[in-house]
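Topology and contacts: notes
Take a look at the letters that make up each chain.
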Amino acid sequence: MVTIFALVLLLFNTLRPITGIKLDGNGYTDIIVAINPAVPENEALINQTKEMITSASEFLFQALDNIVFYKEVKIIVPPNWRGKYERARRETYDKANIIIDYPNPLYGDEPYTKQIKGCGEEGEHIHFTPDFLLKDHFVNSYGPRGRVFVHEWAHLRWGVFDEYNEKVPFYLTKDSKIQATRCVGEIKGRHYEVIDGEYLHCRSDDAGLPSKDCQFFPDKEQQIHASIMYMQSLDSVKAFCSIKDHNSDAPNMQNQKCDYKSTRTVIFQDSVDSDSFQTLKPLQSPPPHPTFKVIQRQNQVICLILDVSGSMQGERILRLQQAASIFLSEIVDEGAYVGIVKFSTNAFIVSSLTKIEGKPSRKQLISMLQSASANGYTNMCKGLDIGLKVLKQDDENTVGDYIIFLTDGEATDNVQDCLESAVDSGVIINTIAFGPEASDVLKTMANETGGKYIVAGQSLLSTQLVDAFSSFTMSDGDPSKETVQLVSTGSITTDWFNGTLQIDSTVGNSTTFTILYQTSTPTLYIEAPSGSVYGQSHITDNAATKTVTLNVPGTAEPGTWKYSFLNREPTAQTITLTVTSRAARDDVPPITVKTATKKTTSDGSELLVVFAEVSQNYLPVLGANVLATLKSDTRQKEVLQLLDNGAGADEFKDDGIYSRYFTKLMTAKYSLKVQVVQQGGERNLSPSTHSGALYVPGYIVNGEVVPNPPKPPVSLQSPDFGSFTRTATGESFVVSVPPGIPSPNFPPNKITDLRAEMQEDTLLLNWTAPGEDCDQGTVDSYEVRWSDSLEKLQNNFSNANPMNTSAIQPKQAGSNEEHSFLLDIIQNGTTLFFAVRSEDKEAAKSAVSNIARATKFVPRRSEIQETPGMNLTGIVVLVCVITVAFFIAAITTWRLKRKKCRSIRISY
């Protein structure tokens, strides 16, 4: 039954969204640019950022028919910059849409956008480097910065993809012509290989395509107007590729991810702004320039507001004390200010704001947690009101401060009376729903203030409450300052609780083993990789909170650590272990894990995707074993193996983003925890497919090549950090399936990585197996069809030519399917297109796969397709033949003629 209070909260949520980019009329607001703390203070960087976005606003306005522009932008400068800046409210580094930081080693100074979701869905952030913004020579290679910004904005906001492909720069058309991979084919220019400074005719590889060293040099002056997602650097390009311009034949990411739709089609029909674009009218005059606010986060000021009402009696109050103690001892940063408030029928201050300055201040705060008794009602507003007063103790202001609010029950007062004032105060409220009876208002409170919402179980064996507190790190973008959780586990035992963990070379400072027990202190044995043993004499035992702590001195040794805990009681007791650490060195970022779901609410009708990013700064960590555990407050548990294979829920292979569908959706609140283990081995790195502006090697100006500066260098050295263990907790999510609605039968997931190859008269197809329910289980059968027309296969799969798949026995989801077929129609130059659809045991069919092309090609002399206006003539061919012959007969004369031959204008 929906209560009036729930309806009020729903309306409040609808009217007052708090985070993310917004479209206010025709203008974009709440755009956040964040500068990393590693970047030195530089006013020119701020000014260049403003100039770039101002120019981008004018370009965007023109590109989208005078409909939208950039209205308001906030620039967050690092806390260590000394200038006078406005105080940040709820803007934080991890919420930034644009990041300015030193280069990603894989991409150098190239601008790019981090995209981990599908077509039409918003990306994570845009990355610019200080050098890109401050050094003008990049303008020659990528185009004016404002144009580059709009290219990246299209990735970020509208979920479109690049229309070039550096891995497949050329392809064979269906009439066996060689074409460059791009949106429009009418861009004029020449193709060259650059060898020792000379511009030479491109050689062909074994497949008849231009060699990997072949580059396209466009004419500086063009007539073509599209497309921004191919080559925004050209002055004539002022529009996104539309249906009439779109080249659906090109093997680029836009076609692969967006089912061959043009970028403009996705922007206006499939993106987050599609509905707005249907109603917005073009402006009759140019919009004003964007307004900018330069802001800065101040000292961390945190207030713990903790429920000590009657329902918290017994083990709950103990678990609260234990988890909050770990937060105060290990998680909160040095220099932060922390206050503590407890509430029930009334609220009172346990500790005024205290600055964290070493262990004495931490111990003082922890000791104040132990004096609580649980009784009374759950008056949340009392707690919020007193908490806000505590936050004002440092500077009479609450803007940008943090609250961690925990309760296990429903409010006995009217939270609506104080919720609006809490939102207006500018605080960020992180909430913990402790147990299944915790109020739903906690999610609203977190959503409306830009905080996190975490569900924690009350089981003695559960480490969820500790994990919840451990997840509340307040990052400014410097990972070396953050606490990293290595292990979080537990056991109910009558004797020994044993295990191992891997500590890698990127962490080791402030390493702490924290053991929570139920009845009496267990005997502890912890062994370092070198054989050094830590026992009872090295630990601190807090009997009041039943907590044992080992602080490893110095930097913990990398390698395998062993632990054994003996329960000396005659009956079983619960023992849990949490291990945290920090970066081993300031100049080596630690391996981190971040986890989330695509949405934090669901009605059960749509697929829910679970993500986990494993990285070392910007470098993806590949080949890890990633397990996601989802627990509901109704005691349901699901463990998912997350994959980075570019199939199913995972959009991109080998980008360090591990993903999986969660299909068993029932009405409940779910917690999300990810455990990552990797055992040694090589970590080969290569620049993965990414979304970013195209580097142009040079232009043709007045018939001559004018080269651009070399492409920014990249570092592909594989990091050597050894085996490691990590644990991360993500924000909880809520599923509310309407009563009487049966659980959906999700069909097999769409195959997105179908590949085809022709070898003589044999066709080879391979793909990643989908599952019976999305990417889980095993499908019942496959349907493979082909056509000599991409459009026919795309628009009418069922009427395309079938292939005999009766002998195929589908494999389990995630497996590699490899199958061969004989095709007697294959001739030299034949190009065919293939697609696959799968079906489960209940006859539910997947969407049609991506379309793969294959061409039978016998190597022969071939030319790249002519670019309009640049045709080769028989005279050119004759001159080259004569020159080669003359070289054999008289090498000295040939050398005199060589420059002239190579200067002849050629296009491909």
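Higher on the page you've got the structure.
Described below are features of the structure shown in this document. These figures come from a predicted structure and were not determined experimentally. (Residues numbered from 1 in each chain as written. Predicted model: local features only at pLDDT ≥ 70, side-chain atom pairs only at ≥ 80, totals over all residues. Heavy atoms only, no water.)

Examining the sheet that holds strand 22 (residues 484–493)
- With antiparallel pairing, five strands are arranged side by side in an open sheet as 22-30-24-28-27. A single partner strand is all that each edge strand has here, and the edge strands are strand 22 and strand 27 (540–542). The sheet shows a mean angle of 15° between the axes of neighbouring strands, direction not considered.
- The pairing of strand 22 with strand 30 (residues 573–583) spans nine bridges and is antiparallel. Paired with Ile 492 across the two strands is Thr 574, which belongs to strand 30.
- With respect to the sheet, helix 10 (residues 315–331) is in contact with strand 24 (507–517), strand 28 (547–551) and strand 30, its orientation differing from that of strand 24 by roughly 165°. (Pairing = 2+ DSSP bridges. Helix = DSSP H or I, 4+ residues; strand = E, 2+ residues; numbered from the N terminus. Axes fitted to C-alpha atoms, helices over the stretch in contact; angles between N-to-C directions. Contact = heavy atoms within 4.5 Å.)

A look at empty space enclosed by the protein
- Going through the model one piece at a time under the given rule, you end up with four cavities of 30 Å³ or more.
- Taken as a whole, the largest cavity holds about 80 Å³ of empty space.
- Split into classes, the residues belonging to the lining of the largest cavity amount to five nonpolar, six polar and two charged. (1 Å grid on protein atoms, 1.4 Å probe; cavity = no way out; pocket = protein on both sides within 12 Å on 5 of 7 lines; lining within 4 Å. Points joined across faces, edges and corners; volume = space filled by probe spheres on them. Nonpolar A, V, L, I, M, F, W, Y, C, P; charged D, E, K, R; others polar.)

As for the pattern of salt bridges
- Per the counting criterion, the structure on display carries 37 salt bridges.
- Taking the shortest distance from any N to any O, the salt bridge between Asp 333 and Arg 582 comes out at 3.5 Å. Separated by 249 residues along the polypeptide, Asp 333 in the loop between helix 10 and strand 17 (337–343) and Arg 582 in strand 30 bring together distant segments of the chain.
- Measuring nitrogen to oxygen at the nearest pair gives 3.6 Å for the salt bridge that ties Lys 664 to Glu 638. A residue pair is termed long-range when its members are at least 10 positions apart, and Lys 664 in the loop between strand 37 (657–662) and strand 38 (668–678) and Glu 638 in strand 36 (residues 637–642) qualify at 26 residues.
- We classify Lys 664 as partly exposed; its relative accessible area is 49%.
- A network of salt bridges, in which partner residues are shared, links Lys 22, Asp 30, Lys 74 and Glu 91. (Salt bridge = Lys/Arg side-chain N within 4 Å of Asp/Glu carboxyl O. Buried < 20%, exposed > 50% of the residue type's maximum accessible area, 1.4 Å probe, protein only.)

Observations concerning the side chain of Asp 644
- Secondary-structure assignment places Asp 644 in the loop between strand 36 and strand 37.
- For the buried Asp 644, no salt bridge exists, and the shortest N-O distance to an oppositely charged side chain is 8.9 Å, to Lys 653.
- Polar contacts involving the side chain of Asp 644 include one to the main-chain amide nitrogen of Asp 654, which spans 3.1 Å.
- In terms of polar contacts, Asp 644 uses its side chain to reach the backbone amide nitrogen of Gly 656, at 3.0 Å.
- Excluding residues within four positions of it along the chain, Asp 644 makes contact with Leu 622, Asp 650, Phe 652, Lys 653, Asp 654, Asp 655, Gly 656, Ile 657 and Tyr 658. (Lys, Arg positive; Asp, Glu negative; His and termini not counted. Polar contact = N/O pair within 3.5 Å; in protein donor to acceptor, adjacent residues only side chain to side chain.)

Focus: the packing of aromatic side chains
- A full pass over the atoms with the stated rule returns 29 aromatic pairs.
- The interplanar angle of 65° and the centroid separation of 4.8 Å between the aromatic rings of Tyr 107 and Tyr 112 together place this pair among those described as edge-to-face.
- When the centroid spacing of 5.4 Å and the interplanar angle of 20° are considered together, the rings of Tyr 563 and Phe 565 count as stacked.
- Residue Phe 565 is classed as buried on the basis of its relative accessible area, which comes to 0%.
- A connected cluster of aromatic rings, assembled from ring pairs, spans Tyr 28, Tyr 70, Phe 128, Phe 132, Phe 138, Tyr 142, Phe 149, Trp 153 and Tyr 695.
- Above the face of the Tyr 699 ring, Lys 220 is positioned so that its terminal group lies 4.1 Å from the ring centre. (Phe/Tyr/Trp six-rings, centres within 6.5 Å; stacked < 30°, edge-to-face > 60°. Lys NZ or Arg CZ within 6 Å of the ring centre and 35° of its normal.)

A closer look at the state of the cysteines
- For the structure shown, the criterion picks out four disulfides.
- Paired through a disulfide, Cys 202 and Cys 214 show a sulfur-sulfur distance of 2.1 Å. The sign of the S-S torsion, about 80°, decides the handedness of the disulfide formed by Cys 202 and Cys 214: right-handed. Of this pair, Cys 202 sits in the loop between strand 13 (198–200) and strand 14 (214–218) while Cys 214 is found in strand 14, placing the two residues 12 residues apart along the sequence. Across the pair, exposure class does not vary: Cys 202 and Cys 214 are buried alike.
- Numbered by order of appearance in the sequence, the disulfide-linked cysteines of the protein pair as 1-6, 2-5, 3-4, 7-8. (Disulfide = S-S within 2.5 Å.)

A word on the packing of helix 10 against helix 11 (residues 358–369)
- Two elements in contact, helix 10 and helix 11, have axes separated by 9 Å at closest approach and are oriented at 170°. Classed by the angle they form, the pair helix 10 and helix 11 counts as roughly antiparallel. On helix 11, the residues that touch Gln 321, Ala 324, Ser 325, Leu 328, Ser 329 and Glu 330 of helix 10 are Arg 362, Leu 365, Ile 366 and Leu 369. (Parallel < 35°, antiparallel > 145°, perpendicular 65-115°, else oblique.)

A short note on unusual backbone geometry
- With an omega dihedral of 25°, the bond running from Ala 226 to Ser 227 counts as a cis peptide bond.
- With respect to the helices, strands and loops of the structure, Ser 227 is situated in the loop between strand 14 and helix 6 (228–231).
- If you check the backbone angles, Asp 196 has positive phi at about 50° while not being a glycine.
- Mapped onto the elements, Asp 196 comes out in the loop between strand 12 (189–195) and strand 13.
- Positioned with a positive phi, Ser 510 is a non-glycine residue whose angle comes to about 55°.
- Looking at the element boundaries, Ser 510 is found in strand 24.

Concerning the sheet that holds strand 15 (residues 291–296)
- Taken in spatial order, the eight strands line up as 6-15-5-3-7-9-8-39 in an open sheet, and their pairing is mixed. Only two strands of the sheet have a single neighbouring strand rather than two, namely strand 6 (86–87) and strand 39 (691–692).
- As defined by bridge partners, strand 6 adjoins strand 15 across two bridges and the pair is classed as parallel. Within strand 15, the residue paired with Glu 86 across the bridge is Ile 295.
- Sheet strands in contact with helix 5 (residues 145–158) are strand 3 (31–35), strand 7 (98–100), strand 8 (112–114), strand 9 (125–128) and strand 39, and its direction is about 150° off that of strand 9.

Overview of the environment of Lys 841
- Here Lys 841 shows up in the loop between strand 48 (831–839) and strand 49 (852–855).
- The exposure class assigned to Lys 841 is exposed, which follows from its relative accessible area of 57%.
- Taking the C-alpha atoms as reference points, Lys 841 and Glu 772, separated by 69 residues in sequence, lie 7.6 Å from one another.
- Ignoring anything within four residues of it in the chain, the contact list for Lys 841 reads Glu 772, Thr 778 and Asp 780.

Let's talk about the nonpolar core
- Counting residues in each nonpolar core, the largest one holds 68 residues, and the members touching the most others are Tyr 28, Tyr 70, Trp 158, Phe 240 and Phe 277.
- If one sorts the elements of this core by residue count, helix 2 (residues 43–63) sits on top with eight residues.
- Among all residues touching Tyr 70, those that are not within four sequence positions of it are Tyr 28, Ile 31, Ile 53, Ala 56, Ser 57, Leu 60, Phe 149, Val 150, Trp 153 and Pro 290.
- The next biggest cluster of nonpolar side chains, apart from the first, holds 38 residues, and it includes Leu 306, Ile 317, Ala 323 and Leu 369. (Core = buried A, V, L, I, M, F, W, Y, C linked by side-chain atoms within 4.5 Å.)

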